[in-house]
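Structural overview
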Amino acid sequence: MSEPTPDAALLRRVADGSAKLRTQIGTIVIGQDAAVRALLAAVLAQGHVLIIGVPGLAKTLLVRTLASALGWTFKRIQFTPDMMPSDIIGMELLHEDRTEAGGASRAMRFVPGPIFANLVLADEINRTPPRTQSALLEAMQELTVTSMGRSYPLERPFIVCATQNPIEQEGTYPLPEAQLDRFMASLWLDYPSNSEEERIVSSTTSGQQFHLDAIFSRQEVLAFQDLVQRVPVSPHVVTYAVAVARATRPSGEGAGAIAGQYVQWGAGPRAGQHMVMLGKALAALDGLPAVSCDHIREAAPLVLRHRVLPNYQALGEGMTPASIVENILKSVKQSDYEK
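Residues numbered from 1 in each chain as written. Predicted model: local features only at pLDDT ≥ 70, side-chain atom pairs only at ≥ 80, totals over all residues. Heavy atoms only, no water.

**Quick look at the nonpolar core**
L119, C161, L187, M275, L278, L304 and I324 are the most contacted members of the largest nonpolar core, which has 80 residues in total. At 10 residues, the largest contribution of residues to this core is made by helix α11 (residues 269-285). Those residues in contact with I324, other than ones at most four positions away along the chain, are I258, Y262, V263, V308, P310, A314 and M319. Counting 27 residues, the second largest nonpolar core, distinct from the first, contains I77, I88, F110 and I125. (Core = buried A, V, L, I, M, F, W, Y, C linked by side-chain atoms within 4.5 Å. Buried < 20%, exposed > 50% of the residue type's maximum accessible area, 1.4 Å probe, protein only. Helix = DSSP H or I, 4+ residues; strand = E, 2+ residues; numbered from the N terminus. Contact = heavy atoms within 4.5 Å.)

**What to know about the sheet that holds strand β2 (residues 74-78)**
Adjacent strands of a sheet form backbone hydrogen bonds with each other and so pair up, either parallel or antiparallel. Read across the sheet, 5 strands follow the order β2-β5-β8-β1-β9 without closing on themselves; strand pairing throughout is parallel. The sheet terminates laterally at β2 and β9 (185-188), the two strands that pair on one side only. Here the average twist between neighbouring strands, direction ignored, is 20 degrees. Relative to strand β5 (residues 119-123), β2 is paired through 5 bridges, and the arrangement is parallel. (Pairing = 2+ DSSP bridges. Axes fitted to C-alpha atoms, helices over the stretch in contact; angles between N-to-C directions.)

**Section: a nonpolar patch on the surface**
A surface patch of nonpolar side chains, amounting to about 210 Å² of accessible area, comprises M91, L93 and V111. Looking at L93, the relative accessible area reads 38%, which means it is partly exposed. (Patch = residues over 30% accessible without salt bridge, like charges linked within 9 Å, V, L, I, M, F, W, Y side chains within 5 Å. Areas by Shrake-Rupley, 256 points an atom, 1.4 Å probe, with all protein chains shown as cover. Salt bridge = Lys/Arg side-chain N within 4 Å of Asp/Glu carboxyl O.)

**Quick word on the packing of aromatic side chains**
By convention here, two paired aromatic rings are described through the distance between centres and the angle between planes. Across all of its chains, the model carries 3 aromatic pairs by this definition. Ring geometry for F110 versus F116: centroids 5.9 Å apart, planes at 65 degrees, classification edge-to-face. Owing to a relative accessible area of 14%, F110 belongs among the buried residues under this scheme. On the basis of relative accessible area, F116 is assigned to the partly exposed category, the value being 25%. Summarising the aromatic geometry, the rings of F110 and Y152 are spaced 4.0 Å apart at their centres and angled 10 degrees between planes, so their arrangement reads as stacked. In this pair, F110 is assigned in strand β4 (residues 104-112) and Y152 in strand β7 (residues 150-153), connecting sequence segments 42 residues apart. We note that F110, like Y152, is buried. (Phe/Tyr/Trp six-rings, centres within 6.5 Å; stacked < 30°, edge-to-face > 60°.)

**Things to note about the pattern of salt bridges**
Inspection of the entire model under this criterion finds 13 salt bridges. D7 serves as the salt-bridge partner of R230, at 2.7 Å between the closest nitrogen and oxygen. With R230 in helix α8 (residues 218-230) and D7 in helix α1 (residues 6-26), the pair connects residues that are 223 residues apart, well separated along the chain. Take R230: its relative accessible area is 45%, and that puts it in the partly exposed class. The shortest N-O distance in the salt bridge between E220 and R13 comes to 2.9 Å. Of this pair, E220 sits in helix α8 while R13 sits in helix α1, placing them 207 residues apart in sequence. E220 sits in the partly exposed class, given a relative accessible area of 25%. Three or more residues are tied together by salt bridges with common partners; here these are R37, D286 and E298.

**A few points about unusual backbone geometry**
Geometrically, the link from R156 to P157 is a cis peptide bond, its omega value of -5 degrees lying close to zero. Along the polypeptide, P157 turns up in the loop between β7 and β8 (159-164). A positive phi angle, close to 60 degrees, is found at Q46, a residue other than glycine. Inspection of the secondary structure assignment puts Q46 in the loop between α2 (33-44) and β1 (49-52). Note on Q46: relative accessible area 30%, which makes it partly exposed. Phi at L143 is positive, roughly 60 degrees, even though this residue is not glycine. The class of L143 is partly exposed, set by a relative accessible area of 29%.

The values are spatial; any link to function lies outside them.
Below you can see the structure in the form of structure tokens.
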């Protein structure tokens, strides 16, 4: 029997290691298995994530635990209305250095902000004004920050997870659609089941301490991210992803009847790109060498829910972005050919 290729061995390492990683995280974050899988897929696809849920659903714990399990540097930024861009990216400060002759020299020196970490949690991103939001979003897009005309690169891997509270809107600055589009995926956390909630209460009130071992090194994660980019995608899968994205638009070629009735503004071309990239990552988590339409269907709600803007009729009939996307997925037919 021939030896497996380097990519095949790397793919097996992704699948086996990720399963162990999810088990480790599950000992601390109870009842969010689907969210953990989606978050891991976003990490492999090098995509930023918007996490939406009411207080107390372990949003911060989920991201912090993932960083610990990966062995990454982690920073949490609590967004407030008075936060400035320099509070995130850092600033130039005047430093005085003593010389051997007893004199002193002064120079401006850049002091990095909390954005300089592998995994950054932007807690309640909609609490801060647009100017500060833009500083974070620029770093997400360009992987660099600019201070006093000088650019400073961010170290890879670099992922931003931003949280929003869906029930408290007073004093917030909602992200515009163009900025929401920079997030590859959105996770909508729901309440745990009764048995899961009992486990949560028991484990968090017992004083028991959990230790996480890093499953992957940073270099391995970078290799996994490069591998995910090389995962092949059949033309019929791309066709299906594009059809789903176009079906969210209320007008134009490929527009869906559901979107025409309930959607004010649909997803742009980046949605198709992100569905395919997230589909590649999900395939890698499953140890599969190619993406299927099932992976696109799993990725679609994560990619589309924050990109679909319901119209007044949808709001009046109680149609949410999630239910609209669910109905669109039922209406779009895939190709008969499936590898």
